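Below, each chain spelled out in residue letters.
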Amino acid sequence: MADLRQEIQRRRTFAIISHPDAGKTTLTEKLLLYGGAIQQAGSVKGKQSARHAVSDWMEIEKQRGISVTSSVLQFEYDGKCVNILDTPGHQDFSEDTYRTLMAADAAVMVIDAAKGVEAQTIKLFKVCTLRHIPIFTFINKMDREARDPFDLMEEIENILGIQTYPMNWPIGCGKEFKGVFDRESRHILAFQSDGKANGVKILDKIEAELGDPSLDELITAPLHEKLAEDIELLDGASYDFDMEAVQTGRLSPVFFGSALTNFGVEPFLKEFLRLSPSPLPRKSGDELVEPAQNTFSGFIFKIQANMNKAHRDRIAFMRICSGKFERGMEVTHVQGGKKIKLAQSTQLMAQDRATVDEAYAGDIIGLFDPGIFSIGDTLCTGKEKIQYAGIPTFAPEHFARITQVDTMKRKQFVKGMEQVAQEGAIQIFRELNGGMEEVIVGVVGVLQFEVLEYRLKNEYNVDIRMQKLPFEYIRWIENEDLDPKDLDLTSDTKRIEDLKGNKLLLFTTPWAINWAQQHNEGLELSEFGNV
């Protein structure tokens, strides 16, 4: 039991979130580099590096230089076992990201120092606050022209509604960037770039009293003076560091650095591991399940098909919430009501797999899925059945009608569509009592239509016709005994059903939603699908 508790306490499982291009995947790669998990970091863009980032594995990601699916990466550092969930930053993939955040115990928010808080960051941040997990902020790209750090702090506080505590403070930015001042140790970490990506000489940490004349040489007199003023202002005016506020997601420790040039990444990693929580208890019904209890339990938060073109396979990603996983163990699949044997399990470094023989609460493992798992399913051992809360389905915002070009390939078309839908990247609807020859697909972001078309062609050899539809809003009908055909609706509202037979309505405007509610007494509509 002591071993189990120790193993669990050394684990840190977190997600990295940001707006596209803030440098999230680059930061992930640098963290892996420190953990010795990869030999050379491949930042996503950059002419000198023809290598692709390790966590981007799908062909379409390598072509576009964006992360489209969430990868799970694990490494050891300083006695801790670190699990990173690298989420897609592209705004079109918020649903996958949302689910990934359900599996994390903390989040690292990467912000571009020149742009500040952007739209995608706000959406993802809201999801983190639902669960009150700790949020750490890494303000990236200080080696380029950046906004005033005080303005950035104020923006995070005003837009996101979270207090901030700068752990270090930048000295200049862009060509003038000289390094950071660590507020706790009062050391200066000096920065010198050789102009190439990834190439940075980190000078020795310099213990320096602000006001010491030798600092004028190191960071120039004007920057020294500005630093002294800034630190005096911070020490007097900023929030106090409060560990409890950090743990509950009310105060975010802020770090400045540059992931591409590798500056400030290791100090950030060390502090993050010191301050972030080990695996947290999870709710099952009204009870809290403690991570260090003997019975094993976990939930599926993501399903990915065909991670390896050589094998037609599906991997279900499971977050272990309590106990210890051992390969070949027998568990109860709660939603399926069956006992199953977990014989094939892998740990992922994006595309490269390693078989896992044991794993502990906090770890993320991939299970071979013969088609029995759905997102949100619970697996557990022991007499008492644990059932973790489901993960909500987000309402899609874009819709298209999809038919196959070659009707002889109906079987592949249906299989491909169902496979991609089970991963949760798209949602499939059809006409009331209709078949699968023609379906309506709903997505959270337009790029998912391209991904769908690309994958059906490449993985299932099916060509499709796609006709975009004018609908923007979808609502689930909550009333069980209601026939949608009896509803009084505007002419541009469409009645559809999902594959489970739930009835839904598609609307073009909020006005049409109001009309439906006013003209049909007792009609109950919901924005979230009950998972």
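Scroll up to find the structure this text is about.
Throughout what follows, the structure given in this document is the object of discussion. (Residues numbered from 1 in each chain as written. Predicted model: local features only at pLDDT ≥ 70, side-chain atom pairs only at ≥ 80, totals over all residues. Heavy atoms only, no water.)

### Thoughts on the overall build of the protein chain
Moving on, step 1. Each helix and strand in the protein chain was counted, giving 13 helices and 31 strands.
Moving on, step 2. Scored against the burial criterion, the 531 residues of the protein chain give a buried share of 56%.
Moving on, step 3. For the protein chain, the computed accessible surface area is about 23500 Å², with 47% contributed by carbon and sulfur atoms. (Helix = DSSP H or I, 4+ residues; strand = E, 2+ residues; numbered from the N terminus. Buried < 20%, exposed > 50% of the residue type's maximum accessible area, 1.4 Å probe, protein only. Areas by Shrake-Rupley, 256 points an atom, 1.4 Å probe, with all protein chains shown as cover.)

### Here's the deal with the nonpolar core
Side chains of a nonpolar character, in soluble globular proteins, are inclined to be buried together.
Moving on, step 1. The biggest cluster of nonpolar side chains holds 80 residues, and the ones touching the most others in it are Ile 139, Phe 325, Leu 367 and Leu 379.
Moving on, step 2. With six residues, the single largest contributor to this core is strand S15 (residues 314–322).
Moving on, step 3. Counting residues in each nonpolar core, the second largest holds 29 residues, with Phe 14, Tyr 77, Val 108 and Phe 272 among its members. (Core = buried A, V, L, I, M, F, W, Y, C linked by side-chain atoms within 4.5 Å.)

### Topic: the side chain of Ser 322
Moving on, step 1. Assignment of secondary structure puts Ser 322 in strand S15.
Moving on, step 2. One polar contact links the side chain of Ser 322 to the main-chain carbonyl oxygen of Thr 295, over a distance of 2.9 Å.
Moving on, step 3. Beyond its immediate stretch of four places on either side in the chain, Ser 322 contacts Val 289, Glu 290, Pro 291, Gln 293, Thr 295, Phe 296, Ser 297, Ala 361 and Tyr 388. (Polar contact = N/O pair within 3.5 Å; in protein donor to acceptor, adjacent residues only side chain to side chain. Contact = heavy atoms within 4.5 Å.)

### Focus: helix H8 (residues 221–237)
Moving on, step 1. Taking 1.5 Å per residue as the helical rise, H8 with its 17 residues ought to reach 24 Å, and the 24 Å between its terminal C-alpha atoms agrees with that figure.
Moving on, step 2. Among the residues making up H8, those that are buried are Leu 223, His 224, Leu 227, Asp 230, Ile 231 and Leu 234. Seen along its axis, H8 keeps its buried residues to an arc of 130°; they face one direction. Opposite the buried face of H8, at more than 90 degrees from it, the exposed residues are Pro 222, Glu 225, Glu 232, Gly 236 and Ala 237. (Expected span 1.5 Å × (residues − 1). Arc of directions from axis to C-beta.)

### As for the environment of Leu 124
Moving on, step 1. Following the sequence through the fold, Leu 124 ends up in helix H5 (residues 119–131).
Moving on, step 2. Taking relative accessible area as the criterion, Leu 124 reaches 2% and is therefore assigned buried.
Moving on, step 3. Each C-alpha atom, one on Leu 124 and one on His 19, is 9.0 Å from the other, the two residues being 105 residues apart in sequence.

### Side note on the side chain of Arg 401
Moving on, step 1. Of note, Arg 401 is situated in strand S24 (residues 398–404).
Moving on, step 2. Once you skip the residues sitting within four places of it in the chain, Arg 401 turns out to touch Glu 431, Glu 438, Val 439, Ile 440, Arg 465, Met 466, Gln 467, Leu 469 and Lys 494.

### Regarding the pairing of strand S7 (residues 168–171)
On a regular strand, one side chain projects to one face of the sheet and the next to the other, so that they alternate.
Moving on, step 1. Alternating positions in S7 separate into two faces, Asn 168 and Pro 170 on one and Trp 169 and Ile 171 on the other, with burial throughout.
Moving on, step 2. Across four bridges, the pairing between S7 and strand S8 (residues 179–182) is antiparallel. Among the inter-strand pairings, Asn 168 is bridged to a residue of S8, identified as Asp 182. (Pairing = 2+ DSSP bridges.)

### Examining unusual backbone geometry
Moving on, step 1. Of note in the backbone geometry, Asp 78 takes a positive phi value of approximately 55° without being a glycine.
Moving on, step 2. In this structure, Asp 78 sits in the loop between strand S2 (71–77) and strand S3 (80–86).
Moving on, step 3. Phi at Lys 141 is positive, roughly 65°, even though this residue is not glycine.
Moving on, step 4. By secondary structure assignment, the location of Lys 141 is in the loop between strand S5 (135–140) and helix H6 (149–160).

### Quick word on the packing of aromatic side chains
Moving on, step 1. Tallied over the full model, the rule gives 13 aromatic pairs.
Moving on, step 2. Seen in terms of ring centroids, Phe 138 and Phe 268 are 5.3 Å apart; in terms of plane orientation they differ by 55°. Their pairing is tilted. Here Phe 268 lies in helix H10 (residues 265–275) and Phe 138 lies in strand S5, a separation of 130 residues in the sequence.
Moving on, step 3. Plain terms: the ring middles of Phe 150 and Trp 169 are 4.7 Å apart, the flat faces sit at 50° to each other, and that makes the pair tilted. (Phe/Tyr/Trp six-rings, centres within 6.5 Å; stacked < 30°, edge-to-face > 60°.)

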